[in-house]
Structure formats: structure tokens, C-alpha cells
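Residues per chain are reported as follows:
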Amino acid sequence: MTAPLPLPESFALTFRGYDRAQVDERIDELLAELRLLTVDRDAAVAEAGHLARQLERARADNAELSARADRLCRTPADPAAVGDRVRHLLDLAHAEADGIVATARERAAAIVRDAEEAADRRTADARARAYRIVDDARRRAGRPAAIERRTADRLRRIDAFLADAESLLDEQTPLRAVA
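Note that the coordinates shown come from a computational prediction; the quantities given were computed from them, not determined experimentally. (Residues numbered from 1 in each chain as written. Predicted model: local features only at pLDDT ≥ 70, side-chain atom pairs only at ≥ 80, totals over all residues. Heavy atoms only, no water.)

### What to know about the overall build of the protein
When you go through the protein residue by residue, the secondary structure sums to 2 helices and 2 strands. Listing every helix and strand of the protein by position from the N terminus yields β-β-α-α. Here the protein holds 179 residues, and 14% of them are scored as buried. A sequence separation of at least 24 residues applies to 73% of the contacts in the protein between residues at least 6 apart. Total accessible area on the protein stands at roughly 13,800 Å², and carbon and sulfur atoms take up 58% of it. (Helix = DSSP H or I, 4+ residues; strand = E, 2+ residues; numbered from the N terminus. Buried < 20%, exposed > 50% of the residue type's maximum accessible area, 1.4 Å probe, protein only. Contact = heavy atoms within 4.5 Å. Areas by Shrake-Rupley, 256 points an atom, 1.4 Å probe, with all protein chains shown as cover.)

As C-alpha cells, this is what we get:
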């Protein structure tokens with residue numbers, strides 16, 4: 001994210017108020033910054049969507065692997081049909097297969113859990129960043145209105161000053177004519 005543009009202390013005064021080109025330039029800078037912030041926010045939201053899709057794919061893969069492991073475990077060879085030695089080897093193979101399936105399930109559950117946590121963190125980070133960007137944009141959008149109010153106030157004071165100056169000049173003009 002780019003650093004916010006510094007606000008000028010004040011704009012150059014001209015005969016009828018502030019220098020319009022300076023004010024227009026500053027408003028253009030603020031609008032450009034707002035566009036950049038919007039693009040950043042949209043990218044963060046897109047990344048959160050991508051992570052959610054990855055999480056769904058991981059869940060689907062996990063469900064498919066679990067179903068496959070269950071199918072393989074339900075159809076073991078019948079130990080009664082084979083000799084003692086083969087039966088013993090088959091029992092060892094079943095025990096090892098059960099251990100492998102249990103380990104695979106634990107690992108798959110851990111992977112899904114980690115993916116969900118990472119997706120949740122990234123989604124929360126993206127959401128918080130988007131809120132910060134929007135809040136910053138709203139705050140910045142209010143600045144031109146504040147500048148406009150200050151400018152209007154200063155113009156009223158200048159108009160009052162000029163009116164006072166004109167009345168003083170009008171009062172002095174008859175005195176000069178008499179002297």
C-alpha cells in the first residue's frame with residue numbers, strides 16, 4: 001500500500017480565493033489515491049475467495065480419501081481361509097494397514113484444520129485491511145469538504161474586510177474633496 005499523500009498546509013491565495021489549479025490538482029491526487037485503495041481492497045477480497053476455494057478443494061479431497069480408505073478396510077481377506085502362517089502375516093498386514101489409515105486420517109485432519117485456520121486468518125486480515133482502506137478513503141474524502149468549508153469561511157471574512165475597506169474609503173473620499 002502506498003503512503004498517504006501529505007496535505008498542503010494551505011493553498012495559495014488569489015484575488016478571488018484559492019488557486020483553483022492547486023485545489024483541482026489536490027482533488028485529483030486524492031481521487032487517484034482512492035482508486036488505488038479500492039484496487040488494493042478488491043485484490044484482498046479476491047485472495048480471500050481464492051483461499052476459500054482451496055479450502056473447499058482440500059475438504060473434498062479429504063472426503064474422497066476417507067471414503068476410499070473405508071472401502072479398502074471393509075473388504076479384507078478372510079483369515080480363516082488361509083494357513084496359520086499366512087493368517088499371522090495377514091493379521092500383521094491388517095494391523096499395519098489400520099495404523100497407516102489412522103495416521104493418514106490424522107494427517108488429513110491436521111491439514112484440513114491448518115488450511116481452515118490459515119484461510120480464516122487470511123480472510124480476517126483481508127477483511128480488516130479492506131475496512132481500514134474504506135475508512136481511510138472515507139476520511140480522505142471528507143477532507144475536500146472541510147477545505148471547502150474553511151475556504152468559504154475565509155472568503156466571507158475577506159468579503160467583510162473588503163466591505164469595511166470600501167466603507168472606509170467612501171468615508172474618506174468626501175473629506176479629501178473638502179480639503
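### Notes on the pattern of salt bridges
For the structure on display, the rule yields 10 salt bridges. The shortest N-O distance in the salt bridge between Asp-136 and Arg-139 comes to 2.1 Å. Placement of the pair is Asp-136 and Arg-139 together in helix 2 (residues 84-178), with a separation of 3 residues, close to one helical turn. Residues joined by salt bridges that share partners form a network here, namely Glu-33, Asp-136, Arg-139 and Arg-140. (Salt bridge = Lys/Arg side-chain N within 4 Å of Asp/Glu carboxyl O.)

### Some remarks on the environment of Val-39
Mapping Val-39 onto the fold places it in helix 1 (residues 20-74). Judged by its relative accessible area of 53%, Val-39 is exposed. Along the chain, Val-39 and Ile-133 lie 94 residues apart, while their C-alpha atoms are 10.0 Å from each other.

### What about the environment of Thr-103?
Take Thr-103: it is sitting in helix 2. Owing to a relative accessible area of 34%, Thr-103 belongs among the partly exposed residues under this scheme. A polar side-chain atom of Thr-103 sits 2.9 Å from the main-chain carbonyl oxygen of Gly-99. (Polar contact = N/O pair within 3.5 Å; in protein donor to acceptor, adjacent residues only side chain to side chain.)

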